[in-house]
Amino acid sequence: MTTMYSGAGVTPAPEGSGSRQGRKRRWTPVSALEFVGCDSCRMTLREYEALDEDVKVEFFDSEVECAWMLREPEHLSHAKPGARLAELAREIAMTRGSPIVCCGEAQLRLLDRDSGQVRVMYPDQTVFLRPEGADSANRLFVDVGEDAYPDVVLEVDNTRDTRRDKLVLYEEWGFPELWVEVPDSYAPSRPRGLRPELRIYVLEETGYLPSGVSRAFPGWSAPEIHRALNEPVISAETSAVLRRVGRALGVREGTGPDDDPLLGAHRAEARAESAREILRRRGIAVSAAFPTRFAGGPAVTAEAAVEAAFAAGDEADFFDRLRGQAASET
């Protein structure tokens, strides 16, 4: 695990990253935190930096020279929600028409410029709604207070309880939205008081407030997210929810499914096939290059392609009409 720490100090995160501007940073003492389900290990900063990348660290504090690691090996029920969230985000991104980046267990680090001390956390998934916010410096960590913050951070509570430790840290570091997932798959060592659910915390001026719906993913409710994270495969019902959320994000961004390279290509192929079938039934022959010409032509709606196919006298007339439709829409 190679880490380079800058002495530049901590400044407020860029506007829009979720940090509260001008908010004085607190530094909750380790003695006030209880890392349930973790064992502590004495460790200097130098020893931490020399750790193998496969070593799972929940939290490290250079001031007390200690690291906290999961007591039990990571089970599939702990690893699955983070991986599934990346799948769900990809489907939402396709409908929105612009990429969403998930960086997994990205290292989150905080440097106290007054003391020079370092704290590090590892969430189970980090989600950036805009690719430029993710690892913009081509690094394997997010420098808290310096880099763009993830729009959503996911913690999976299977053998531990985030409410008693990392929730406090995420809040005081200024992360805009935290999801805490307790999987349906039961773990015998699960702390008492935890039941299967997803809890959403959104950052306000007064701190984290519980919310029944995501702010980053408009309209996506906690029960819907929990169900999606725990399904064996993504169901038709969940897919419908993902499309709904993706469309809402698309309205915000001014993008849609046609802007996604893969989904847009599939939709263009479907429109070309529909238009070619209409022309064929009307007795109008088309060339073998028809699908390629259609894909390389102007972007038009399915309705415009059908209208042109019903009105065209031949293939050349069809593409002339498509160009006319596209010109009238600009």
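Residues numbered from 1 in each chain as written. Predicted model: local features only at pLDDT ≥ 70, side-chain atom pairs only at ≥ 80, totals over all residues. Heavy atoms only, no water.

Below, the discussion takes up the confidence of the model for the protein. Confidence in the prediction of the protein, expressed as mean pLDDT, is 84, and 89% of residues score 70 or more. Confidence, read as mean pLDDT per element, is least for strand β8 (residues 141–143) in the protein (69) and greatest for helix α4 (residues 222–230) (98). Contacts of residues 1–24 to residues separated by more than four positions or lying in other chains number 63 contacts, the stretch itself having pLDDT below 50. (pLDDT = per-residue confidence, 0-100. Helix = DSSP H or I, 4+ residues; strand = E, 2+ residues; numbered from the N terminus. Contact = heavy atoms within 4.5 Å.)

This part is about helix α6 (residues 261–281). The end-to-end C-alpha distance of α6 is 30 Å, a good match for the 30 Å that 21 residues give at a rise of 1.5 Å each. For α6, the side-chain oxygen to backbone nitrogen distance between the N-cap and Leu262 is 3.2 Å, and the N-cap itself is Asp260. Gly283 lies just past α6 and shows a positive phi near 85°. (Expected span 1.5 Å × (residues − 1). Polar contact = N/O pair within 3.5 Å; in protein donor to acceptor, adjacent residues only side chain to side chain.)

Per the counting criterion, the structure on display carries 15 aromatic pairs. Judged by centre distance (4.4 Å) and plane angle (10°), the ring pair of Tyr48 and Phe60 falls under stacked. Residue Tyr48 is found in helix α1 (residues 45–49), and its partner Phe60 is found in strand β2 (residues 59–61); the two are separated by 12 residues along the sequence. Note on Tyr48: relative accessible area 0%, which makes it buried. (Phe/Tyr/Trp six-rings, centres within 6.5 Å; stacked < 30°, edge-to-face > 60°. Buried < 20%, exposed > 50% of the residue type's maximum accessible area, 1.4 Å probe, protein only.)

Within a beta sheet, neighbouring strands are joined by backbone hydrogen bonds and run either parallel or antiparallel to one another. Spatially, the six strands line up as an open sheet ordered β4-β7-β9-β10-β11-β12, and their pairing is mixed. Edge positions in the sheet fall to β4 (101–102) and β12 (207–211), since each has one partner strand and no second. Bridge count for strand β7 (residues 125–128) against strand β9 (residues 152–156) is three bridges, and the pairing is antiparallel. Bridging across to β9, Thr126 finds its partner in Val153. Docked against the sheet, helix α3 (residues 166–173) engages β9, β10 (177–182), β11 (197–204) and β12, running at close to 115° with respect to β12. Sitting on the sheet, α4 touches β10 and β11, and the angle it makes with β11 is about 130°. (Pairing = 2+ DSSP bridges. Axes fitted to C-alpha atoms, helices over the stretch in contact; angles between N-to-C directions.)

Counted according to the given criterion, the structure contains 30 salt bridges. With a shortest N-O distance of 2.8 Å, Asp258 and Arg267 are connected by a salt bridge. Given a relative accessible area of 35%, Arg267 falls into the partly exposed group. One connected set of salt bridges, linked through shared partners, spans Lys56, Glu58, Glu105, Asp124, Glu155, Asp157, Arg160, Asp165, Lys166, Arg195, Glu197 and Arg199. (Salt bridge = Lys/Arg side-chain N within 4 Å of Asp/Glu carboxyl O.)

Quick look at the side chain of Glu155 now. Inspection of the secondary structure puts Glu155 in strand β9. Separated by 2.6 Å, the side chains of Glu155 and Tyr170 make a polar contact. Those residues within four positions of Glu155 in sequence are excluded, and the remaining contacts are Glu58, Tyr122, Pro123, Asp124, Arg160, Thr162, Lys166, Tyr170, Leu178, Trp179, Val180 and Glu181.

For any two helices packed against each other, one specifies the crossing angle of their axes together with the interaxial distance. In contact at an axis separation of 8 Å, helix α2 (residues 76–96) and α4 are set at 110° when each is read in the N-to-C sense. Relative to α4, the element α2 lies roughly perpendicular. Taking contact as the criterion, the partners of Lys80, Pro81, Arg84, Leu85 and Leu88 in α2 are, on α4, Ala228, Leu229 and Asn230. Residues that form the contact of α2 with α4 fall into these classes: five nonpolar, one polar and two charged. (Parallel < 35°, antiparallel > 145°, perpendicular 65-115°, else oblique. Nonpolar A, V, L, I, M, F, W, Y, C, P; charged D, E, K, R; others polar.)

In terms of burial, strand β5 (residues 107–111) is largely enclosed, as five of its five residues are buried. As paired elements, β5 and strand β6 (residues 118–121) share four bridges and run antiparallel to each other. Paired with Arg109 across the two strands is Val120, which belongs to β6. In textbook terms, the turn of a hairpin is the stretch between consecutive antiparallel strands, and for β5 and β6 this stretch comprises six residues, one of which, Gly116, has a positive phi near 80°.

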